[in-house]
Amino acid sequence: MSRFFSGRYLSLEPYTPGEQPKDRRFIKLNTNESPFPPAENGAGAIAAEYEKLMLYPDPTASGLKELFAEVYQTETKNIAFSNGSDDLLNFSFMAFCDDETGAAFPDITYGFYKVFAELNHIDHMEIPLKEDLTLDPDDYKKLGRTCFIANPNAPTGIALTPRRIEELVKADPDHVVIVDEAYVDFGAESCIPLTKKYDNILVIGTFSKSRSFAGARFGYAVGNEELIKDLNTLIYSTNPYNVNRLTMAAAAAVLKDGEYTRANCRKVMENRAFTVSELRRLGFTVTESLANFVFARSPEISGEDLYLKLKERGILVRHFSAERIKDYNRITIGSMEDMQALIAAVSRILSEEK
Ligand SMILES: *Cc1c(COP(=O)(O)O)cnc(C)c1O
């Protein structure tokens, strides 16, 4: 770091994204990207928008909000958009935590929560998941903190029902529960309906995973009008043109083709079922994932060894070195071909271990 770096961030440890290697072709099962291209109709929408790039985008995104409200069964005043959902998560830490109200999230969850808490100097508590890596909302009810819950959770893929989350929202009406639904489209149930009933739940989602939009950067938040206003105060104090024209045009097109997204999610769920049963057949313990990845460990090989040996064979998965989960790998669900290649490679690696 330079001698000019702000003293406020000296201890900040930035988030480490999964590898994006350029040196050879890998089967990439390490960053939970979709194996499918985005819906076709977005390409024309982007091309048509290109000639308007000299103009700033509409900071209110009013047209896109109307469309989104229809698809997600909410109202335009209950929606905020951003350049990826990570941005909205950061704004939520800024908006709903302070010196009095700290944050709480699981010890094993999306690594960015801790980074955002530290970036914003927010006191944070990491609540251990149960032994079986499930999350018990009861653990959060009496904390008096803003709670961040990924549902399904990452990297376990385990989901709670909206009913369980509602219990938490109800138990502590003076604190906000932020539900990160990055993976909700792969078989879990959304908490968006709860945002109509309670003023202390904010649902955050992304087009990065189920809608194949990781490269376009588009995230959304749905909640009570007042919560959305708070987020907008921060968005408008940072960058009111947070979502660019090309992404907005493409997002609208992709929203209109809901069947394409649903069909892709069904394929991912089928490929997940195949992967889980094959891994279990090979002796792995696999969590009950409702996400586009599985989380698995073998009694025969360490998580790190398996990760390295798969990498040698041209397959990238994600290994985390945190003590509780170092035996596991998080494996993104790709195409059926990808998953067959993965299972064949794992099977060969295991037989070499013997
Ligand atoms: C991928 C992911 C996000 C971030 O999504 P972007 O919209 O690409 O910023 C947020 N939360 C979780 C749990 C994720 O896995």
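Residues numbered from 1 in each chain as written. Predicted model: local features only at pLDDT ≥ 70, side-chain atom pairs only at ≥ 80, totals over all residues. Heavy atoms only, no water.

Right, let's talk about the packing of aromatic side chains for a bit. This structure, assessed with the given rule, holds 22 aromatic pairs. Between the aromatic rings of tyrosine 56 and tyrosine 241, the centroid separation amounts to 4.3 Å while the plane-to-plane angle is 20 degrees, which identifies the pairing as stacked. On the criterion of sequence distance, the pair formed by tyrosine 56 in the loop between α1 (41–50) and α2 (62–71) and tyrosine 241 in the loop between α6 (225–236) and α7 (245–256) is long-range, its members being 185 residues apart. Taking the relative accessible area as the measure of exposure, tyrosine 56 reaches 62% and is therefore exposed. For tyrosine 241, a relative accessible area of 32% translates into the label partly exposed. Ring plane angle 5 degrees and centroid distance 3.8 Å describe the contact between phenylalanine 93 and phenylalanine 148, whose orientation is recorded as stacked. With phenylalanine 93 in helix α3 (residues 85–96) and phenylalanine 148 in strand β5 (residues 146–150), this residue pair connects regions lying 55 residues apart in the sequence. Assessed through its relative accessible area of 1%, phenylalanine 148 is described here as buried. (Phe/Tyr/Trp six-rings, centres within 6.5 Å; stacked < 30°, edge-to-face > 60°. Helix = DSSP H or I, 4+ residues; strand = E, 2+ residues; numbered from the N terminus. Buried < 20%, exposed > 50% of the residue type's maximum accessible area, 1.4 Å probe, protein only.)

Here the protein chain is described as being made up of domain 1 (7–37 + 259–353) and domain 2 (41–257). With 32 residues of domain 1 at the interface, the matching set in domain 2 holds 33 residues. Of all residues in domain 1, Tyr15, Leu290 and Arg324 give up the largest surface area on contact with domain 2, accounting jointly for 27% of the area buried on that side. If you look at where domain 1 meets domain 2, you find 1 salt bridge. Summed over the shared surface of domain 1 and domain 2, the number is 13 residue pairs in polar contact (both at pLDDT 80 or more). Contributing elements (two or more residues each) for the side of domain 1 that touches domain 2: α8 (258–281), β10 (293–297) and β12 (328–332). Of all the elements, α8 adds the most residues to the side of domain 1 that touches domain 2, at 8 residues. Tallied by class, residues from the side of domain 1 that touches domain 2 come to 17 nonpolar, 7 polar and 8 charged. (Domains from an automatic or database assignment. Contact = heavy atoms within 4.5 Å. Buried area = accessible area lost by both parts, 1.4 Å probe. Salt bridge = Lys/Arg side-chain N within 4 Å of Asp/Glu carboxyl O. Polar contact = N/O pair within 3.5 Å; in protein donor to acceptor, adjacent residues only side chain to side chain. Nonpolar A, V, L, I, M, F, W, Y, C, P; charged D, E, K, R; others polar.)

Attention now moves to the nonpolar core. Grouped together as the largest cluster of nonpolar side chains are 46 residues, with contacts concentrated most on Leu64, Phe68, Phe81, Ile165, Ile201, Phe207 and Phe218. Of all elements in the fold, only α2, β2 (79–82), β5, α5 (162–171), β6 (177–180), β7 (201–206), β8 (219–223) and α7 reach the threshold of two or more residues within this core. No other element matches the 6 residues that α7 contributes to this core. Those residues in contact with phenylalanine 218 that lie beyond four places of it in its chain are Leu64, Phe81, Ser82, Asn83, Gly84, Thr206, Phe207, Ser208, Phe213, Val243, Thr247 and Ala251. In this structure, Val294, Leu306, Ile349 and Leu350 belong to the second largest nonpolar core, which totals 32 residues. (Core = buried A, V, L, I, M, F, W, Y, C linked by side-chain atoms within 4.5 Å.)

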